[in-house]
Amino acid sequence: MGITMLKAQNKDNDTQKAIVTLKEFYKVIYDEVLDDKEPLFKKYLSKELYHKVFPPSPPGEDNSPGYDPFIQGQDYEAKTLNNSLKITHIEGNIYKVCFVLFSEDKKKTCVDLQLKKNGQGKYMIINILSDKNFYIKPKRN
């Protein structure tokens, strides 16, 4: 009985840590007025997802997406986004992040993200499950 309770407690702790990581990601990326967000994205995204969202481009060309897949848009109000941010654990390592982009628009935007612990025990966003353009198909072993 004690082992089962310990496993459930660890699962709850992992869920809370993953949610804290997602809140931090949205707060840092979508609240700070920064010119160079690349190091911040690299802090929160797996290398594979980072290169899927921001593919290397030849000099003079811009291969960046026409929208930001983490907010499903281009523009947003930082305060509105962060004040409306709601993160729900779906199952396993999958989380639903919902928010409002603009104060006058009450329509919520939701994004399903998959997280995984890296070698240092830190949660990284490894997949955008709700966006077919950036979804990374699982590898078969």
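Being a predicted model, the structure only gives us computed values, none of them experimental. (Residues numbered from 1 in each chain as written. Predicted model: local features only at pLDDT ≥ 70, side-chain atom pairs only at ≥ 80, totals over all residues. Heavy atoms only, no water.)

### Some words on the state of the cysteines
Inspection of the entire model under this criterion finds one disulfide. A disulfide bridge connects Cys98 with Cys110, and the sulfur atoms are separated by 2.0 Å. Its torsion about the S-S bond being 110°, the disulfide of Cys98 and Cys110 is classed as right-handed. With a gap of 12 residues between them, Cys98 in strand S2 (residues 94–102) and Cys110 in strand S3 (residues 105–117) connect regions that are remote in the sequence. Accessibility expressed as a relative area gives 35% for Cys110, which makes it partly exposed. (Disulfide = S-S within 2.5 Å. Helix = DSSP H or I, 4+ residues; strand = E, 2+ residues; numbered from the N terminus. Buried < 20%, exposed > 50% of the residue type's maximum accessible area, 1.4 Å probe, protein only.)

### Topic: the packing of aromatic side chains
Applying the stated criterion across every chain yields a total of 12 aromatic pairs. Taken together, a centroid distance of 6.0 Å and an interplanar angle of 70° make the contact between Phe25 and Phe41 edge-to-face. On the criterion of sequence distance, the pair formed by Phe25 in helix H1 (residues 2–29) and Phe41 in helix H2 (residues 38–44) is long-range, its members being 16 residues apart. For Phe25, a relative accessible area of 0% corresponds to the buried category. On the accessibility criterion, Phe41 (7% relative accessible area) is buried. Three or more aromatic residues joined by ring pairs make a cluster, and in this case those are Phe25, Tyr26, Tyr30, Phe41, Tyr44, Tyr50, Phe54, Phe70, Tyr76 and Phe99. One Lys or Arg, Lys122, reaches over the ring of Tyr44 and ends 4.9 Å from the middle of that ring. (Phe/Tyr/Trp six-rings, centres within 6.5 Å; stacked < 30°, edge-to-face > 60°. Lys NZ or Arg CZ within 6 Å of the ring centre and 35° of its normal.)

### Focus: the side chain of Thr109
With respect to the secondary-structure elements, Thr109 resides in strand S3. Looking at Thr109, the relative accessible area reads 13%, which means it is buried. The contacts of Thr109, once residues within four sequence positions are left out, are Ile71, Gln72, Val97, Cys98, Phe99 and Leu101. (Contact = heavy atoms within 4.5 Å.)

### Quick notes on the pattern of salt bridges
Within the structure shown, the criterion is met by five salt bridges. Residue Asp14 is joined to Lys117 by a salt bridge in which the shortest nitrogen-to-oxygen separation is 3.2 Å. Linking Asp14 in helix H1 with Lys117 in strand S3, this pair joins segments that are 103 residues apart in sequence. Taking relative accessible area as the criterion, Asp14 reaches 25% and is therefore assigned partly exposed. The salt bridge partner of Asp112 is Lys96, with a shortest N-O separation of 2.8 Å. In this pair, Asp112 sits in strand S3 while Lys96 sits in strand S2, placing the two residues 16 residues apart along the sequence. On the basis of relative accessibility, which here comes to 26%, the residue Lys96 falls in the partly exposed class. (Salt bridge = Lys/Arg side-chain N within 4 Å of Asp/Glu carboxyl O.)

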